[in-house]
Structure formats: structure tokens, C-alpha cells
Amino acid sequence: MPAVDVIDQTYAAVPPRPLREVLCAESAWAAVLPGLELRCFEDRGDRGKRWSVSGALEGTAEVWLEATAEGTIVHVFLQADPVPAAPSRRAARRIDRDYRERLKRWVTQVRDTLDVGRAVGEPPEPAATQGSAPDEDERGAR
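What counts, and at which threshold
Residues numbered from 1 in each chain as written. Predicted model: local features only at pLDDT ≥ 70, side-chain atom pairs only at ≥ 80, totals over all residues. Heavy atoms only, no water. Phe/Tyr/Trp six-rings, centres within 6.5 Å; stacked < 30°, edge-to-face > 60°. Helix = DSSP H or I, 4+ residues; strand = E, 2+ residues; numbered from the N terminus. Buried < 20%, exposed > 50% of the residue type's maximum accessible area, 1.4 Å probe, protein only. Lys NZ or Arg CZ within 6 Å of the ring centre and 35° of its normal.

Things to note about the packing of aromatic side chains
In this description, a pair of aromatic rings is defined by centroid distance and the angle of the planes.
No. 1: Counting across every chain of the model gives 2 aromatic pairs.
No. 2: Measuring from ring centre to ring centre gives 5.1 Å for Trp29 and Trp51, while their planes differ by 55°; the resulting arrangement is tilted. Taken together, the residues span a long stretch of sequence, with Trp29 in helix 2 (residues 26–32) and Trp51 in strand 3 (residues 48–55) at a distance of 22 residues. With respect to burial, Trp29 and Trp51 carry one shared label: buried.
No. 3: Aromatic side chains Trp29 and Trp106 sit 5.7 Å apart centroid to centroid with 80° between the ring planes, which places their arrangement in the edge-to-face category. Separated by 77 residues along the polypeptide, Trp29 in helix 2 and Trp106 in helix 3 (residues 89–114) bring together distant segments of the chain.
No. 4: What makes Trp29 buried here is its relative accessible area of 1%.
No. 5: By relative accessible area, Trp106 is classed as buried at 8%.
No. 6: Linked through ring pairs, Trp29, Trp51 and Trp106 together constitute an aromatic cluster.
No. 7: Between the NZ or CZ atom of Arg102 and the centre of the ring of Tyr99, over which it lies, the distance is 5.0 Å.

Here you go:
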């Protein structure tokens, strides 16, 4: 099991595309998690991206955007080991917690920024849900 094992999900009453523009930008990751270099090995369009991670950590990262009827579930994964290896289990737990907290704060901030005009408990604007319908490949797979 990797020392850093972030598995997180956050609901956003926002369609996938605007979330992708921010959460799948390598430059945004660099600002949130300095010292990491991401190299995309799978671009899934509005459904997210997967990267190999190098630098301060070695491993993989992923943003999976799961469209729902009224928004998106943002899944964020980061599985990696520190370089050099953490000197103790306590240090590894501290590193894991730091990455987990920084990623959660960032995703929450992005969600809150993109969803700023919607009153709590209200559905997203009808225009905001346009463009998030399943593509033909997804409809045929059902």
C-alpha cells in the first residue's frame, strides 16, 4: 500500500466541464501540490484524467468526474510514495494527511467558487446542466 493513499469524493452542483477545466489542469495541481510533476497517460474528456506522478512523490493521480442528474461527483485519487521514502510510519502518516487535506480543501474551494450563485438546496441552473448528457457511446452501453 502506498504511503500517500488519497481516495476522496465531493459532490458539486456543477456540470463536469467547468470542473474539468480547473481540476484537470496540471498547472493547478502544481499550485496546490508543489514539487509534483504530472504526466497524463489517459485523458477521458469530461470524465477526467489520469496521470503518473513524479518529483516529491512517485505514483499515480486521477480526477474522475461522474455526472449525475443535478451535478457531478468529483472523485480524486492520489496513490504514491514519497521520494525519498518517509523515515518512519509516523512521518508517512503526516505526509498522507497533508496531501489529503490540501486536495480536499482545493476541490471544495473549486466547487464553492463554481457554485457560488446557487442557493443551498436549490437545483443548479438549467443552463448549467446542458452539455453533460451522456455521449452516444455511453447511451449504447446501457
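Back to the text.
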